[in-house]
Amino acid sequence: MLCTSQELSKEQLRDENIIPVTKRAERPHYQDYDVKPTELYQAIEAKEWEFALVKLKEDPEQASVWIIRKESNNTEKVRWKMLPMHAAVIFKAPAKLIKALIAAFPPCIKMVDDIGMTPLHHGMKEGMDDEVMDILISNHPHALIDRDTKGMTPLDHTKSSAKPFRGAGLRAYTAAAVMCERERVTDELTKKYQAAIDNSEADKKITALANENEVLEGQLNASTAHLAKFMQTYGAMKSRVESLSSVLSIMVQEQDKILSMATQQQKDMAAAALVRERMMQAVAKQDDEMMSTAQQSRDVMKDIATKQKEYFQTVATDLAELFASQALRTKRTPTAEGSGKEIG
């Protein structure tokens, strides 16, 4: 179980070395050591502690900025990275600055650098003051059992430290270690007890599942019988559908024939209509010609009648003149009894 500052007792929370955690957004941010490291980091590296406190007060966000350094021959590869907290412990910053860094960025106490080391790892390795050790352990006891990339805990690094911890630091370390071990044992016992309860519950669940399995098997058998019956019905329906498909195919063929005949009939009707139209045109033309001929005949007959009338009038005139002439001659010719003179 993780041991965080929120999980410590009220008596431990009264310890002035435990920094209250302020909730804030955690957002990763990086700056290149060889390009432009933060002013806070430069002050820590130069061991200008008061200036570092001023910068931290002016811009607390700098406590969360990672400082990285890349390989000179490969700019894509990171040589090392650390937070201002890691640097503060390495350069043996005073407890006042350590507290200020935790207050500005609480997660820094738990974060690891490029080789998996927490600030407590570095503190144990570099030989930090007892007060700083007490601050680190009090705010993150679980760091005592955290392991870096080499699998080493902070205690393992004390073997190479030039200043092994003692006194207050030893007492803080021991107290935190005992608390974590107590919580670890309590956690294991809780897990075992929970496992026993889970096993008991599991037995009940197994029995319930067995009963449920029997019910499901019965349902499965019923479903199988139902499926067999359905398959029979399906087979009959399939045969019926195939038969209907054959009939439908024949109907489609007949329909195609009927459509073909209808199409031909339409063509024939169109041709007949064309012939009828042409005949009507011919009849109309013939009617026009006959009417023209009749008109011409009427004109001829009229002309003949006019000429006959004129002829008859001429003949009548000629006959009248002839008759008149004849009568005149008859009047002038002497008779047998007369002297041959004209009788006056």
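Residues numbered from 1 in each chain as written. Predicted model: local features only at pLDDT ≥ 70, side-chain atom pairs only at ≥ 80, totals over all residues. Heavy atoms only, no water.

A. Structural detail: the overall build of the chain. Along the backbone of the chain there are nine helices and three strands. Overall, the chain shows an N-to-C arrangement of helices and strands of α-β-α-α-β-β-α-α-α-α-α-α. The burial tally for the chain puts 26% of its 344 residues in the buried class. The long-range share in the chain, meaning contacts at least 24 apart out of those at least 6 apart in sequence, stands at 67%. Split by element, the accessible area of the chain, about 24400 Å² in all, is 58% carbon and sulfur. (Helix = DSSP H or I, 4+ residues; strand = E, 2+ residues; numbered from the N terminus. Buried < 20%, exposed > 50% of the residue type's maximum accessible area, 1.4 Å probe, protein only. Contact = heavy atoms within 4.5 Å. Areas by Shrake-Rupley, 256 points an atom, 1.4 Å probe, with all protein chains shown as cover.)

B. Structural view of the packing of helix α5 (residues 95-104) against helix α7 (residues 130-139). Packing of α5 against α7 brings their axes to within 9 Å, and their N-to-C directions diverge by 20°. In terms of orientation, α5 lies roughly parallel with respect to α7. Crossing geometry of α5 relative to α7 is assigned as right-handed. Counted together, Ala95, Ile98, Lys99 and Ile102 of α5 and Glu131, Val132, Ile135, Leu136 and Asn139 of α7 form the full contact between these two elements. Classifying every residue of the contact of α5 with α7 by side-chain character gives six nonpolar, one polar and two charged. (Axes fitted to C-alpha atoms, helices over the stretch in contact; angles between N-to-C directions. Parallel < 35°, antiparallel > 145°, perpendicular 65-115°, else oblique. Left-handed = near helix turned anticlockwise from the far one by under 90°. Nonpolar A, V, L, I, M, F, W, Y, C, P; charged D, E, K, R; others polar.)

C. Region of the structure containing the sheet that holds strand β3 (residues 74-82). Strand order in the open sheet made by the three strands is β1-β2-β3, with mixed pairing throughout. Whereas interior strands pair on both sides, the edge strands pair on one side only; in this sheet they are β1 (30-32) and β3. In this sheet, adjacent strand axes meet at a mean angle of 40° when their direction is disregarded. Direction of pairing for β1 relative to strand β2 (residues 66-71): parallel, over a ladder of three bridges. Residue pairing in the sheet places tyrosine 30 in a bridge with tryptophan 66 of β2. (Pairing = 2+ DSSP bridges.)

D. Broad picture of the nonpolar core. Counting 39 residues, the largest nonpolar core has Ile44, Leu97, Ile98, Leu101, Leu120 and Leu136 as the members making the most contacts within it. Broken down by element, the residue count for this core peaks at six residues, all from α5. Setting aside its immediate chain neighbours within four residues, leucine 97 contacts Ile44, Trp49, Ala52, Leu53 and Leu56. (Core = buried A, V, L, I, M, F, W, Y, C linked by side-chain atoms within 4.5 Å.)

E. Representation of the packing of helix α3 (residues 49-58) against α5 within the structure. At a closest axis distance of 10 Å, the pairing of α3 and α5 adopts a crossing angle of 15°. Between α3 and α5, the angle is such that the two are roughly parallel. Seen from above, α3 lies across α5 with left-handed handedness. Contacts between α3 and α5 pair Trp49, Ala52, Leu53 and Leu56 from the former with Lys96, Leu97, Ala100, Leu101 and Ala104 from the latter.

F. View of the pairing of β3. Of the pairings in the sheet, the one linking β2 to β3 comprises five bridges and is antiparallel in character. In the sheet register, isoleucine 68 faces β3, and the bridge partner there is lysine 81. Two successive antiparallel strands, β2 and β3, enclose a turn made up of two residues.

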